[in-house]
Amino acid sequence: MVGRKLPLSEGETARTACARGLLRAAIDEKTGEVLSAGVLVERVGWAADLVSGMVAALLAEHWNAADVDVLAGGEDAGGRKLPSNAWMALRRLGWTVVPAEGIRVNDRIVRMAQETAGRTLRSAKGRADLTAGVLATWPADSARRTAQEWDAVREAVPGGPSLPSSVINSRTRQIVAFVNKHGRMPVDVFEVEAVPRIARMLLLSACDGQQATLERADDPGRALLRLQLPSRPDPRSYADWTWVACPLALPPTVPANAVVHLPTLRIRQGRVRADLAYTHAVPKPRRSGHTVALGVDWGLNTLLSAGAARLHNDGTITTLGGGGMFRAAGVLAKQHRLRRLSEHLHTKTDHYHQLISGTEQHALTGKHAVLADEIRHVSARRSNLNDALARAAARWAVDQAITAGASVIYVEDLRSMEARGMGRTHNTRMSQAVRGRIVDRMRHLAAEAGIAVVTVPARNTSKHCPQCLVPLRHRKAPDRPTTPGWKWALCGSCGWQGDRDQGAWRRIAARGLTHQTKTVTDRTSADMTIRSVTEKLETGAVITPPAPKTSRDRSKTGPTRPRSTRPTPRRRRTPSPTRPIRPAGQRPEGHAPTDWTRLPRAAHRHQGVTTISTPTTGHRPQGAALGAGFHLHAHATPPRWADPMPDTTSGMGSLS
């Protein structure tokens, strides 16, 4: 379906997602000529250049606080409400733009330029209000705010109580950099930030049938995109614009009954990419009424620790299994190495820039350009690595929830996840984590299955025991009960012990289930969150330990059963190996055969189920050192929920 209203039944809601497509070839309907991929890229690039030129002119004229406030205010000079479409709002305000002299374009090309500029100006409103609030409550020490100064700045910025601290701190550092460069405080964000760079893309969603159409074929996996493209870089008349038909293969993630919208076209790596938006029906997530929940805790090398908990009718909460982990130590090591390389390149580029001093014919100009290209290449690698890590971690968490039958995922709130006071290296690694992107991907994937994603306060989730809420004692490992550390937790009251992160997800799941009636939905972002913890509900957020197993009576009260009725003991059916080159004898059961001269590569990762202590032999992930692929260094526990009985005897889930 294209352009029709999506029918919804009871308990369903509409969900809009985006899938990536690729335009490989096209047909010029006027001449019947088959356009190759290179020609199609050229013609789409001509249209994108015309649009980006008009967008740059609009932004240069209206990049100021007064115009942004008028556009974000939602009313024109006559007090009428502005349309939701950005291009219509700009026309209501009289913000028009025309192409260069001698260039002929239709009105739909101007619409795309106004839509792109309007979206950019509207998005600047949030940054402008944040910068104004930070400037109005500037602290005495910009490097460290007091508790009163934090309260003041959160009151001054929109959405301050739920805004992460890192966002306010990054805006503060941006202002400090401006002060160090100019010797004065900025007036607003438009002095701090220059006019944003214009992306070369075509927002076909701002057009109608006179510029572009999209029709779905009988095959649910194919569609036909028709649009007008220029036949020369500087079209002089409407005759220089012709209709081009582009077959489009729809990704398998697009349902057959989805409403498909006009895509956004952009050029990347010599190809025309199509960001195809579609709307389909999904189960509607609930804010409350949950009985099975997945708790997710954040870590460093162990990026995610998660497990399911069940709320019973009598109010007790039990766990379903021992939980699992998503480890990405190798990926984070590669990320850290790319960050160090990027810092080195930036330092070298700045040094070259000072030596050149604006001289175009300087001998270092060529080397400066080469370093600039290398910086962009490294930045793209870091971005791709972060995207891959976020997708893999979010997919793992959602799969755990689906397998456990959970209707909600409770995630630790990110506002308190700030790296400070833990050393330079540890602070940097914490700051480089992509937790915010993981949560966004998690919400996107969970919406497909109708699972709600709710953030809960993180206070004391790792400090208190999940079974009795008594403060825990943290040690290095279970076999080192006297060595100070932070990874292993022991409770002196109820006797619970386990991995610190495994105890944290139990606390998060229990807290979310008991406080689910306090879940609120943000009006702007539609994100669900539990903002505060009440003492009355917190006392019930405990995990009930499993009942102790009763051993059967083994006292001698009768004759011994005949041997034939006993189960046959498991015995080896083949003789022991007798090879002279390897140790002979019976091989004991274990995770790796003892007669191997060299263990497999995975056995050297210190991630076996029998590993309890942190390795102290200078362990370094081999794949990260050699530049191996992503999936060799993202280790995750597979969903194993066949046994519904709770298992709290082990603090760590089995690792793959």
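Predicted model, so just to flag it, every value in this text is computed and none were measured.

A. A look at the sheet that holds strand β17 (residues 480–484). Taking strand neighbours across the sheet as the criterion, the four strands line up as β17-β16-β18-β19 in an open arrangement whose pairing is antiparallel. The strands lining the two open edges of the sheet, one partner per strand, are β17 and β19 (497–499). Adjacent strand axes in the sheet meet at a mean angle of 45° when their direction is disregarded. This element, helix α12 (residues 500–514), spans β16 (473–477), β18 (488–490) and β19 of the sheet and lies at about 100° to β19.

B. The pattern of salt bridges, seen in detail. Using the criterion set out here, one finds 29 salt bridges in the structure. Two residues, Arg43 and Asp28, come together in a salt bridge whose shortest N-O distance is 3.1 Å. You can see Arg43 sitting in helix α1 (residues 37–62) and its partner Asp28 sitting in strand β2 (residues 26–28), a full 15 residues away along the chain. Note on Arg43: relative accessible area 5%, which makes it buried. Judged by relative accessible area, Asp28 falls into the buried class, the value being 5%. Among the charged side chains, a network of salt bridges with common partners joins Arg91, Asp107, Arg108, Arg111 and Asp208.

C. Quick peek at the side chain of Ser342. Relative to the elements of secondary structure, Ser342 occurs in helix α8 (residues 329–356). Not counting the four nearest positions on each side in its chain, Ser342 is found in contact with Val378 and Arg382.

D. Local environment of the environment of Arg459. Considering the arrangement of structural elements, one finds Arg459 in the loop between β15 (452–456) and β16. Owing to a relative accessible area of 66%, Arg459 belongs among the exposed residues under this scheme. Along the sequence, Arg459 and Asp413 sit 46 residues apart, while their C-alpha atoms lie 9.1 Å from each other.

E. Spotlight on the pairing of strand β6 (residues 222–230). Bridge count for strand β5 (residues 212–216) against β6 is five bridges, and the pairing is antiparallel. Looking at β6, one finds that Ala212 is bridged to Leu227. The turn joining β5 and β6, which pair antiparallel and follow one another in sequence, is formed by five residues. Strand direction decides the pairing type here: β6 and strand β7 (residues 241–249), joined by nine bridges, are antiparallel. Paired with Pro230 across the bridge in β7 is Trp241.

Rules and cut-offs
- Residues numbered from 1 in each chain as written.
- Predicted model: local features only at pLDDT ≥ 70, side-chain atom pairs only at ≥ 80, totals over all residues.
- Heavy atoms only, no water.
- Pairing = 2+ DSSP bridges.
- Helix = DSSP H or I, 4+ residues; strand = E, 2+ residues; numbered from the N terminus.
- Axes fitted to C-alpha atoms, helices over the stretch in contact; angles between N-to-C directions.
- Contact = heavy atoms within 4.5 Å.
- Salt bridge = Lys/Arg side-chain N within 4 Å of Asp/Glu carboxyl O.
- Buried < 20%, exposed > 50% of the residue type's maximum accessible area, 1.4 Å probe, protein only.

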